[in-house]
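Next come the chains, spelled out residue by residue.
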Amino acid sequence: MLDLLKQSPISARVGMTIVLINVLVAIFAPVLAPYGETSIVGDVWASSSGQFYMGTDHLGRDLFTRLVYGARNTIALAFITTALSFVIGIVLGFIAAVKGGWTDQIFSRIIDIIMAFPTLIFALMILSVLGSSVSVLIFTIATLDSTRVYRLSRAVAMDIEVMEFVEAARLRGEGLWWLMRYEILPNALPPLVAEFGLRFCFVFLFIASLSFLGLGLQPPLADWGGMVRENAGAITFGIYTPLVPAAAIAFLTVGVNLIVDWALHLSSGLHE
Amino acid sequence: MEENNLLEIKHLCIEGFFEEQWNTIVDDISLNLKRGEVLGLIGESGAGKSTIGLASMGYTRQGCRLASGSINLDGTELMGASDEELRTIRGSKIAYVAQSAAASFNPFHRVIKQYAEAPVQHGLMGYEEAEQDAIKLYDRLFLPNPEEIGFRYPHELSGGQLQRAMVAMAMSCKPDIIVFDEPTTALDVTTQIEVLAAVKEITEKMNKAALYITHDLAVVAQVAHRIMVLKNGKLVEEGETRRLIKHPKEKYTRQLLSVRTLREEKEITDRMDVILSVEDVHAAYVGNEMVLEEIDLTVRKGRTVALVGESGSGKSTLARVITGLLPAKKGSISFLGDNMPLELKHRDKETLRRLQMIYQMPDTALNPKQTVRTVIGRPLNFYFGIKGEEAETRIRELLTKIELDPDKYIDRLTTELSGGEKQRICIARALAAEPDLIICDEVTSALDQLVAEGILSLLQDLQNEMDISYLFITHDLATVKAISDKIVIMLEGRIVEQGEKEEILSPPHHEYTDKLLASVPEMDPNWLDNLLDERASTFL
C-alpha cells in the first residue's frame, strides 16, 4: 500500500492533498471556525477583512465559519450516503449474479423501473412527500444511487462468477455468503473502489443541487449547495460571496476525481 | 552476410524489464536460415523461443529490448532500424502466424477482407486481385470450399480452418520467411494434421523459409530440417532433425525425447468396488437437443479411467453432468453404491467431499486473492472443521505431499506461483477433502511437457498411496497411454468404444479410434508424409 502511494503520479497526489485538507477541516471544524455556525456577527454581505476572512453572508453570518461547518455537513452526508448505497448495491448485485435465474430477473427489473425515473425528479418527489430530514435524505439518495452500483457490481460479479475457482467453491458446497464475501468481493474490489470515488462526487453534487433547490439540508445548518442558493442574490450586486461555496464544491470534486482517475488506471491494469 | 542466408542472427541478446532491473531473457543466440529451409525452435515456456521469433522481425514485446547482437534479414540490418523501415519489411518480407488464430482475427470482418488488408496496404495489388489470390491460396492449403470460405466471419470457421486461413494471411504479401509461433498448440490431434500439412505445403512446394516455434518435439520433427533446443534463453543443442532425434547430445534434449511410461500394469477385476457408475445418461444445455446420449461408464476403486475425444466431443460436459453442475435429463449416476441426486444443490456435503475436481487452467481455478494457506485450509475447515494449529500442520503435510516446500509456499498468493505449482496446489485442495474420486479435466494440457509429466507422476504416486480413483479427461493420447487402466472414447456426445487399455490400443479398432490413434505425432520425421500419403491413397 505504501509502495503504491510512492508510485502515485503527481495528479493523484494533488487530489489526495485536496481531499486530506477537506477532511481535516471537517474534523476540526469547531477549532478552526472563529464564530458559531449559526450566529449573526456582522453586516449583510460585508466584504472580507481581518475580522471576517471571507466576508459575511446574506444574514450577516461569517462566511468562513459557514464554509468550515459546511464542509463537515456536506462531506459527512455524502460519505454516509455513498457508503450506504454501496452496501445495498453490492449485496443485491452479488446475490443476483450468484443466484441468477429468477432472483436476478426480479432484482434487475425492479432496478430498471427505479432507473426509468429521472433521479432528481424522483428524489424531489420523495423528499417533498416525506420531508427533508437528514435520515430521509440519506435513505432516498442512497436507494436511488444504489441502482447504479447494483448494475456495476452485478456485471463485475458475473464475470468473476464464471471463473473456475468459483465453480470449485460451489462444488465444495459453499454457501452464498462465502461465495460473495471470499470468492467474488476481493476480486471485484478494484473497479468498485474506483466507482466509489466517482459515486461520491455525484452524491456530493446531488446533495448540493438538492440544497440549492431548497430540499437538501435545512437551514440554519450550513452546507455548500445551500450557501450558494442563499447568497445567489448577491451576484446581481457584483458581490463574490456565492462563488466561495461554489468554488469549494468544485475544489473537492476535482480532488476526488484526480484520485479516481488514478484508481481507475490501476484497476484497469494499464499501469503495467 | 553469407550467401544463401535469408536471415542471419548473430549473438543476439534480449533483455526484459522486471523486478526493477533489466534481465537477460535471450542470451547470445545465433542462427541462420536459408531459402526453403525450416528451422525448429523448441523449448518449454520461458525458453525465449517466441521472443526470438518476434526479434527476427525486429520486434520485441513491451518491456523488452534488443540489447546487443545483429539481426540481418536479406541484407537489411534490423537492429536499430527505424519504425518506417521495419514497417515496410514486416508482412512483405517476413510474416508471423500466432498461436491462437481465434484470438488473432477481428471478429467483425470477413476472413478474406482481413487477408486483403496487408497487400492493399503495402500497395502490392488491388482488393479484387487480393481476393482472387486468397481463393487460390485457400485451395492450396486444403481449405474446404475455397471459393466461398473466405466470405465467412471468423466464428463461422473451425479452429483448424482458422489457423490455416491465418497461414494464408501471412502469405498474402508473398514474404520470404514465415514465423510460426506454436500454430497447432491450441488444436486437437486430428485438426493438427491439417495445419501441419498446410505448413509443409508452404515450406516445401512454395520454397519459403520458416521458423517453427513449438514445445512439442514430435510436431517439429515433421516439418523442420534443423532443430534448435532452447532453455532459459540459452541454446542447449542444435542439429539436423534426424541426427538430433536419433542421437541427442544433451541430457535436456533426451528428457524432452523420452517416451512417457509411468504406469505399472494393474489388473482390473469385476470384484473390485465400483466407485462411480453412470447409466444411460442424456444431457442437454437448452431444450431437448442432447449433447450427451446413452453414456454408460464405471470407475473402480484405485483405478484410472481415461475419457478421450477431440474438443466438442462432450467429455467436459460429461464431467459437468457427473458433478451436478449440469443436471442430466435422463439416466442415473451412482456414487459409492448409492444413487446420487442429479442436481448439485440436492447433494449432501459428504457426497461433495468425496467427489473432487481438478481443472484444465490452474490460473482460473485458483482465486488470485487467496494465499496457499486459505486455498488448502478452506476444505479442511469446511468439511472437517479443522482450524488453527491443527489446520496448519495438515496444510504443511499436504504441501509436502505435493512436493512443495511448506515454508516457502504457504504464505504465497496464488498469483505468485508458476503454472505447474498452481496445478499442484489445485491437487492439494482436492486432496484436503480426502476424496474417493477425482475428476481431472485436461489437467496437463495447459502445461509444458516436463512440468506435465511431473504432475502426472504425482497423481500416479498419490493413487498408489491412497487408492484414489481418477476420471481423467484428455485429448492427449500420450497421456492416456501413460496413466490409464481403462479408456473410454467419445465422439459427438456418444461413447464410440470403451474397454481395458490394452484392448483399445491394440487392433482391431473402431474406425474413429483408429483415426485418433493415427493422428498422434510420432518422433519419426517421416511420419507426417507417410500418413498424408496413406490418407491420399485411401481417398483415390
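Residues numbered from 1 in each chain as written. Chains lettered and ligands numbered in written order. Predicted model: local features only at pLDDT ≥ 70, side-chain atom pairs only at ≥ 80, totals over all residues. Heavy atoms only, no water.

1. Remarks on the overall build of chain B
Item 1. Each helix and strand in chain B was counted, giving 23 helices and 20 strands.
Item 2. A compact globule built from 540 residues should have a C-alpha radius of gyration of about 24 Å, and chain B, at 25 Å, falls within 12% of that.
Item 3. Along the first, second and third principal axes, the C-alpha set of chain B runs to 70 × 60 × 45 Å.
Item 4. When contacts within chain B are restricted to residue pairs at least 6 apart in sequence, long-range pairs at least 24 apart make up 68% of them.
Item 5. Summing over all exposed atoms, chain B offers an accessible surface of approximately 23,700 Å²; the carbon and sulfur share of this is 47%. (Helix = DSSP H or I, 4+ residues; strand = E, 2+ residues; numbered from the N terminus. Rg over C-alpha atoms; globule rule 2.2 N^0.38 Å. Contact = heavy atoms within 4.5 Å. Areas by Shrake-Rupley, 256 points an atom, 1.4 Å probe, with all protein chains shown as cover.)

2. Here's the deal with the overall build of chain A
Item 1. When its secondary structure is counted, chain A shows 11 helices and 0 strands.
Item 2. Secondary structure of chain A in N-to-C order comes out as α-α-α-α-α-α-α-α-α-α-α.
Item 3. Along the first, second and third principal axes, the C-alpha set of chain A runs to 75 × 50 × 30 Å.
Item 4. The proportion of buried residues among the 272 residues of chain A is 45%.
Item 5. The contacts in chain A between residues at least 6 apart in sequence include a share of 70% that link residues at least 24 apart.
Item 6. Element-wise, carbon and sulfur atoms account for 71% of the exposed surface of chain A, whose accessible area totals about 12,900 Å². (Buried < 20%, exposed > 50% of the residue type's maximum accessible area, 1.4 Å probe, protein only.)

3. Notes on the interface of chain B and chain A
Item 1. Residue-level contacts link 20 residues of chain B with 15 residues of chain A.
Item 2. With both chains or domains summed, chain B and chain A bury close to 1,700 Å², and 56% of this area falls on carbon and sulfur atoms.
Item 3. In terms of surface lost to chain A, no three residues of chain B exceed Tyr359(B), Thr364(B) and Arg378(B), which account for 30% of the buried area on that side.
Item 4. A salt bridge links Arg378(B) to Glu174(A), with the shortest nitrogen-to-oxygen separation between them at 2.5 Å.
Item 5. Connecting chain B to chain A are 9 residue pairs in polar contact (both at pLDDT 80 or more).
Item 6. Of all the secondary structure elements, the ones that give two or more residues to the side of chain B that touches chain A are α12 (315-323), α14 (362-365) and α15 (372-384) of chain B.
Item 7. The residue inventory of the side of chain B that touches chain A, partitioned by class, reads 12 nonpolar, 4 polar and 4 charged. (Buried area = accessible area lost by both parts, 1.4 Å probe. Salt bridge = Lys/Arg side-chain N within 4 Å of Asp/Glu carboxyl O. Polar contact = N/O pair within 3.5 Å; in protein donor to acceptor, adjacent residues only side chain to side chain. Nonpolar A, V, L, I, M, F, W, Y, C, P; charged D, E, K, R; others polar.)

4. Some words on the side chain of Gln222(B)
Residue and element names in this part refer to chain B.
Item 1. One can find Gln222 in helix α9 (residues 217-223).
Item 2. Relative accessible area serves as the criterion here: at 1%, Gln222 is assigned to the buried category.
Item 3. A distance of 3.1 Å separates a polar atom in the side chain of Gln222 from the backbone oxygen of Ala218.

5. Considering the sheet that holds strand β8 (residues 209-214) of chain B
Residue and element names in this part refer to chain B.
Item 1. Spatially, the 6 strands line up as an open sheet ordered β6-β7-β8-β3-β9-β10, and their pairing is mixed. This sheet does not close on itself; its edge strands, each paired only once, are β6 (94-97) and β10 (234-240). Going across the sheet, the axis of each strand differs from the next one's by a mean of 15°, ignoring polarity.
Item 2. Of the strand pairs in this sheet, strand β3 (residues 38-42) and strand β9 (residues 226-231) are connected by 4 bridges, and their pairing is parallel. (Pairing = 2+ DSSP bridges. Axes fitted to C-alpha atoms, helices over the stretch in contact; angles between N-to-C directions.)

6. So, the pairing of β8(B)
All names here are of chain B.
Item 1. A large share of β8 lies buried, amounting to 6 of its 6 residues.
Item 2. What you see with β8 is no split at all: Ala209, Leu211 and Ile213 on one side and Ala210, Tyr212 and Thr214 on the other are buried throughout.
Item 3. With 5 bridges connecting them, β3 and β8 associate as parallel partners. Looking at β8, one finds that Leu41 is bridged to Ile213.
Item 4. For the crossover from strand β7 (residues 177-181) across helix α8 (residues 189-205) to β8, the handedness is right-handed. (Right-handed = clockwise from strand over helix to strand, strands pointing away.)

7. Re the packing of helix α5 (residues 101-116) of chain A against helix α7 (residues 134-161) of chain A
All names here are of chain A.
Item 1. It is the contact of α5 with α7, at a shortest axis distance of 9 Å, that shows an interaxial angle of 140°. Classified by the angle between their axes, α5 and α7 sit oblique to one another. Crossing handedness for the pair α5 and α7: left-handed. Counting all contacts with α5, which are made through Asp104, Phe107, Ser108, Ile111, Asp112, Ile114 and Met115, the residues of α7 involved are Leu144, Thr147, Arg148, Tyr150, Arg151, Arg154 and Met158. (Parallel < 35°, antiparallel > 145°, perpendicular 65-115°, else oblique. Left-handed = near helix turned anticlockwise from the far one by under 90°.)

8. Examining the pattern of salt bridges
Residue and element names in this part refer to chain B.
Item 1. In total, this model carries 42 salt bridges over all chains according to the counting rule given.
Item 2. The shortest N-O distance in the salt bridge between Lys10 and Glu8 comes to 3.3 Å.
Item 3. For Lys10, a relative accessible area of 42% gives the class partly exposed.
Item 4. Beyond isolated ion pairs, a larger network of salt bridges with shared partners links Arg373, Glu392, Arg396, Asp407 and Asp411.

9. Remarks on a nonpolar patch on the surface
Residues and elements named next belong to chain A.
Item 1. Together, Leu20, Val23, Leu24, Ile27, Phe28, Val31 and Leu32 give the surface a local cluster of nonpolar side chains, amounting to about 640 Å² of exposed area.
Item 2. Going through the elements one at a time, α2 (10-27) and α3 (29-32) are the ones with two or more residues in the nonpolar patch.
Item 3. Among the elements that take part in the nonpolar patch, α2 stands out by supplying 4 residues, more than any other.
Item 4. Relative to the helices and strands, Ile27 is located in helix α2. (Patch = residues over 30% accessible without salt bridge, like charges linked within 9 Å, V, L, I, M, F, W, Y side chains within 5 Å.)

10. Re the sheet that holds strand β17 (residues 437-441) of chain B
Residues and elements named next belong to chain B.
Item 1. One open sheet accounts for 6 strands, arranged β16-β17-β18-β13-β19-β20; its pairing is mixed. Looking along the sheet, the strands with just one partner apiece sit at the ends: β16 (355-358) and β20 (494-500). The average angle at which neighbouring strand axes cross in this sheet is 15°, direction not considered.
Item 2. The sheet contact formed by strand β13 (residues 304-308) and strand β18 (residues 469-474) spans 5 bridges and is parallel. If you follow Val305 over to β18, its bridge partner there is Leu471.

11. Here's the deal with the packing of aromatic side chains
What characterises a pair of aromatic rings is the spacing of the ring centres plus the angle enclosed by the ring planes.
Residues and elements named next belong to chain B.
Item 1. In the structure shown here, the tally under the stated rule is 10 aromatic pairs over all chains.
Item 2. Plain terms: the ring middles of Tyr383 and Phe384 are 6.5 Å apart, the flat faces sit at 65° to each other, and that makes the pair edge-to-face.
Item 3. Tyr383 sits in the buried class, given a relative accessible area of 14%.
Item 4. Judged by its relative accessible area of 31%, Phe384 falls in the partly exposed class. (Phe/Tyr/Trp six-rings, centres within 6.5 Å; stacked < 30°, edge-to-face > 60°.)

12. Some thoughts on helix α4 (residues 111-121) of chain B
Residues and elements named next belong to chain B.
Item 1. Turning to α4, its buried residues number three or more, namely Val111, Ile112, Gln114, Tyr115, Ala116 and Pro119.
Item 2. Each element contacted by the buried residues of α4 is listed here: α5 (127-140) and α7 (159-170).
Item 3. Remark: Gly123 follows α4 within two positions and exhibits a positive phi of approximately 70°.

13. Structural notes on α5(A)
Residue and element names in this part refer to chain A.
Item 1. Taking 1.5 Å per residue, 16 residues should reach 22 Å; α5 reaches 22 Å between its end C-alpha atoms and fits that length.
Item 2. Along α5, the positions that sit buried rather than exposed are Asp104, Ser108 and Ile111. Buried residues of α5, viewed axially, fall in a sector of 65°; they line one side. Of the residues in α5, the exposed ones pointing more than 90 degrees away from the buried face are Trp102, Ile113 and Ala116. (Expected span 1.5 Å × (residues − 1). Arc of directions from axis to C-beta.)

14. Structural notes on the environment of Lys99(A)
Item 1. With respect to the secondary-structure elements, Lys99(A) resides in helix α4 (residues 63-99).
Item 2. Each C-alpha atom, one on Lys99(A) and one on Phe28(A), is 46 Å from the other, the two residues being 71 residues apart in sequence.

15. Describing the state of the cysteines
Item 1. Evaluated as defined, the whole model comprises 0 disulfides over all chains.
Item 2. Here Cys64(B) stays free of any disulfide, with the sulfur of Cys13(B) as its closest cysteine sulfur at 13 Å. (Disulfide = S-S within 2.5 Å.)

16. Description of a negative patch on the surface
Item 1. Among the surface-exposed residues, Glu511(B), Asp514(B), Asp533(B) and Glu534(B) lie close enough to one another that they form a single negatively charged patch.
Item 2. Tracing the backbone shows Glu534(B) in helix α23 (residues 527-539). (Lys, Arg positive; Asp, Glu negative; His and termini not counted. Charge placed at Lys NZ, Arg CZ, Asp CG, Glu CD.)

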